Amino acid sequence: MKVVKCKKVKHHGRRGRNGKPRFLETCLRRNLEILRKIIPGCEEVEEEEALILKSIQHVMLLKSQVTLLRKLADVCGV
């Protein structure tokens, strides 16, 4: 097995070389905005941590609803 050495990368802080936000930071902000739009009651949530917690709670609620509907379908013979 051949060992490949990685190149050293210069880090330019939170912003890139020319002062623009980094790609990862831009993606994170975009994904948080998408979460704000699709999770009920999260339009006004500012803190990232609170938004993620509300999203997790909503996913758990949806999962329990799917489980309930599956059991109901089994009982009804659908």
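For the structure, see preceding data.
Report on the accompanying structure. Since this is a predicted model, take the numbers as computed values, not measurements. (Residues numbered from 1 in each chain as written. Predicted model: local features only at pLDDT ≥ 70, side-chain atom pairs only at ≥ 80, totals over all residues. Heavy atoms only, no water.)

All right, on to the overall build of the protein chain then. Looking only at helices and strands, the protein chain features 2 helices and 0 strands. Sorting the 78 residues of the protein chain into buried and exposed places 12% on the buried side. In the form shown here, the protein chain has an accessible surface area of approximately 7700 Å², with 62% of it arising from carbon and sulfur atoms. (Helix = DSSP H or I, 4+ residues; strand = E, 2+ residues; numbered from the N terminus. Buried < 20%, exposed > 50% of the residue type's maximum accessible area, 1.4 Å probe, protein only. Areas by Shrake-Rupley, 256 points an atom, 1.4 Å probe, with all protein chains shown as cover.)

Together, Ile52, Leu53, Ile56 and Met60 make up an exposed nonpolar region whose accessible area comes to about 390 Å². The exposure class of leucine 53 is partly exposed, given its relative accessible area of 47%. (Patch = residues over 30% accessible without salt bridge, like charges linked within 9 Å, V, L, I, M, F, W, Y side chains within 5 Å. Salt bridge = Lys/Arg side-chain N within 4 Å of Asp/Glu carboxyl O.)

This next bit is on the nonpolar core. Formed by Leu32, Ile39, Cys42, Val45 and Leu51, the largest nonpolar core amounts to 5 residues. If sequence neighbours within four positions are ignored, cysteine 42 has contacts with Arg36, Leu51 and Lys54. (Core = buried A, V, L, I, M, F, W, Y, C linked by side-chain atoms within 4.5 Å. Contact = heavy atoms within 4.5 Å.)

Looking now at the pattern of salt bridges. One pass over the full model with this rule turns up 2 salt bridges. A salt bridge links arginine 29 to glutamate 25, with the nearest nitrogen and oxygen atoms 3.7 Å apart. In this pair, arginine 29 and glutamate 25 both sit in helix H1 (residues 23-38), 4 residues apart, roughly one turn of the helix. Its relative accessible area of 43% is what places arginine 29 among the partly exposed residues. Judged by relative accessible area, glutamate 25 falls into the partly exposed class, the value being 21%. Ionic pairing is found between arginine 36 and glutamate 33, a salt bridge with its closest N-O pair at 2.9 Å. Placement of both arginine 36 and glutamate 33 in helix H1 is noted, with a separation of 3 residues, approximately one turn of the helix.

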